Amino acid sequence: MPHLNVPTDWLYFLPIGLLGIVRWIVWIIRRVPAALYRPVVNDFRLPISVVVPVYQEDPDIFAKAIASWLDNRVAEVILVIDSSDQVCQAIAARYPVTVVITDVPGKRDALRRGWEAASTPLVALVDSDVIWATDVADQVCMPFVDPRVGGVSTRQNVYNPRGFLQRVNDMFLDYRYFDENAAQTAAGRAVSCVSGRTAVYRRAILLAISDDFMAETFLGVPCMSGDDKCLTALTMKAGHATVLQRTARVWSTFPDTFRVFAKQRLRWARNTWRSDIRAVVLERWAWKHPFLAFTMIDKAVSSFTLLAAPVYMALAIARHAWAFVALLAGWWWLSRSIKLLPHLRRRPSSFFLVPPFVLLTFWMAVVKLWALLTVRKQRWLTRQVAVIDGEVVRTGNTPPEPAPVSRAELLPQTVPASEAAPVLRGSARVAPARHRRETRSVPPTGDDRR
């Protein structure tokens, strides 16, 4: 029976060991500045508008989100709602918000309409399922005390995560905001993506880059998704810094079915390839930010190197090298747990999800390679819109007339006490800002505030 003969076969496994050492060195290079990251703290405040593209959002989540934005006492909330979405229009009518109705498919045009309608120096571009903590508006203003800062990213987590996929997404998010984005902020003040779940920009910058944003193409194909990566890149190309403000906490919903999860990951991977190839290879502006260019290249390379580990595991199993199999499996669990420590401090039970998390990252590496091979394909995948013959069009049938919604369903419900999302207290109705009585959201308790 084949087995691992250490004196004669150790060279066989040497490459995976050397590759692991290189990957750990790269991680340490990222981890050191990430550990040095500190959020900006001051009393700087500017008026801020919230701009939200809305398309067939879950009514309950949408109502909670609106209440959380208004609870931050922002200057205005502008909801750009698809003309077919009668349910969300009805929900919006119950709040002191500005509603813009659009029949143009696609998120980009909705964003543009929103920031053009805004009237404040700062604009927060927010997804319609994002719930804010009570102090987000205050926190995101602080980095703008520096006139060189053009865009600010928030820290994001999964809203009330349940099930494996939502818990895994929460792990990925903590890794992103305690590793990649924190390091990019500390080492170069150039965050690769100010995530569109809540992205705050100076309105003057958005107006200046609006035409380029709407006209983005990749290898001759108009771009439909990847709006947050595009806005981040255009902001940095214009000479402005993009930074993370990790004390600004928001929560968003994530898919709980593998089919939607897979489509979402494929779309994000294509967006990343397009943006990073353009930044590093085609336009080369990323080289003005050496650490940013380093992290972009590292992310691209890791899509290939990550697959070496499961290949060696399969070979070791085929050779019945059980000692090596046990060693490698244990190392996967330990090493990934070390990299996920910020998340494990908040949710220790996720330690037992690390092994399937590791296996999922191998699958995601394959998805990233497929995304590279199909990088010119433009489809939203989780929505019925796509680029066909150079135009953003709807790919599904016109949505059916929505079923009647009761008054109780249209009003925000109390958010259950949870470490994953703020709790909204008091009346579900929010009066116009000048008459609104004092209401406050109760922030998450316990370790979730870290």
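Since the model is a prediction, treat every value here as computed from it, not as a measurement.

Explanation requested: the pairing of strand β1 (residues 48-54) in the structure shown.
On a regular strand, each side chain points to the face opposite its neighbour's, so the side chains alternate between the two faces of the sheet. β1 sits mainly inside the fold: seven of its seven residues count as buried. Judged by which residues are buried, β1 turns out to be covered on both faces: I48, V50, V52 and V54 on one side and S49, V51 and P53 on the other are all buried. Bridge count for β1 against strand β4 (residues 122-126) is four bridges, and the pairing is parallel. Each bridged residue has a counterpart across the sheet, and for S49 the counterpart in β4 is V123. Two strands pair when backbone bridges link them, and β1 and strand β2 (residues 76-82) are joined in this way by six bridges, in the parallel orientation.

Quick question: what am I supposed to make of the packing of helix α6 (residues 163-188) against helix α9 (residues 258-282) here?
Packed helix pairs are specified by the crossing angle of their axes together with the interaxial distance, meaning the distance between the axes. One can describe the packing of α6 onto α9 by two numbers: an axis separation of 11 Å at closest approach and a directional angle of 25°. Relative to α9, α6 is oriented roughly parallel. Note on element contacts: α9 touches α6 through F258, F261 and R265, opposite L165, N169 and F172. Of the residues assigned to the contact of α6 with α9, the class counts are four nonpolar, one polar and one charged.

Explain the packing of aromatic side chains here, please?
For any two aromatic rings, the description comes down to two numbers: the centre-to-centre distance and the angle of the planes. Evaluation of the coordinates by the stated rule reveals 12 aromatic pairs. An angle of 75° between the planes, with centres 5.1 Å apart, marks the rings of W24 and W27 as edge-to-face. A residue pair is termed a helical-turn pair when its members lie 3 or 4 positions apart in one helix, as W24 and W27 do in helix α1 (residues 6-36) at three residues. Comparing W24 with W27 shows no difference in burial state: the two are buried. Centroid distance W115 to F213: 5.4 Å. Interplanar angle 50°. Geometry classified as tilted. In this pair, W115 sits in helix α4 (residues 107-117) while F213 sits in helix α7 (residues 203-214), placing the two residues 98 residues apart along the sequence. Here W115 falls in the buried class, since its relative accessible area comes to 0%. We classify F213 as buried; its relative accessible area is 0%. Taken together, the aromatic side chains of W24, W27 and W331 make up a single cluster linked through ring pairs. Sitting above the plane of the F172 ring, R265 keeps its charged end 4.8 Å from the centroid.

Conventions adopted
- Residues numbered from 1 in each chain as written.
- Predicted model: local features only at pLDDT ≥ 70, side-chain atom pairs only at ≥ 80, totals over all residues.
- Heavy atoms only, no water.
- Buried < 20%, exposed > 50% of the residue type's maximum accessible area, 1.4 Å probe, protein only.
- Helix = DSSP H or I, 4+ residues; strand = E, 2+ residues; numbered from the N terminus.
- Pairing = 2+ DSSP bridges.
- Axes fitted to C-alpha atoms, helices over the stretch in contact; angles between N-to-C directions.
- Parallel < 35°, antiparallel > 145°, perpendicular 65-115°, else oblique.
- Contact = heavy atoms within 4.5 Å.
- Nonpolar A, V, L, I, M, F, W, Y, C, P; charged D, E, K, R; others polar.
- Phe/Tyr/Trp six-rings, centres within 6.5 Å; stacked < 30°, edge-to-face > 60°.
- Lys NZ or Arg CZ within 6 Å of the ring centre and 35° of its normal.

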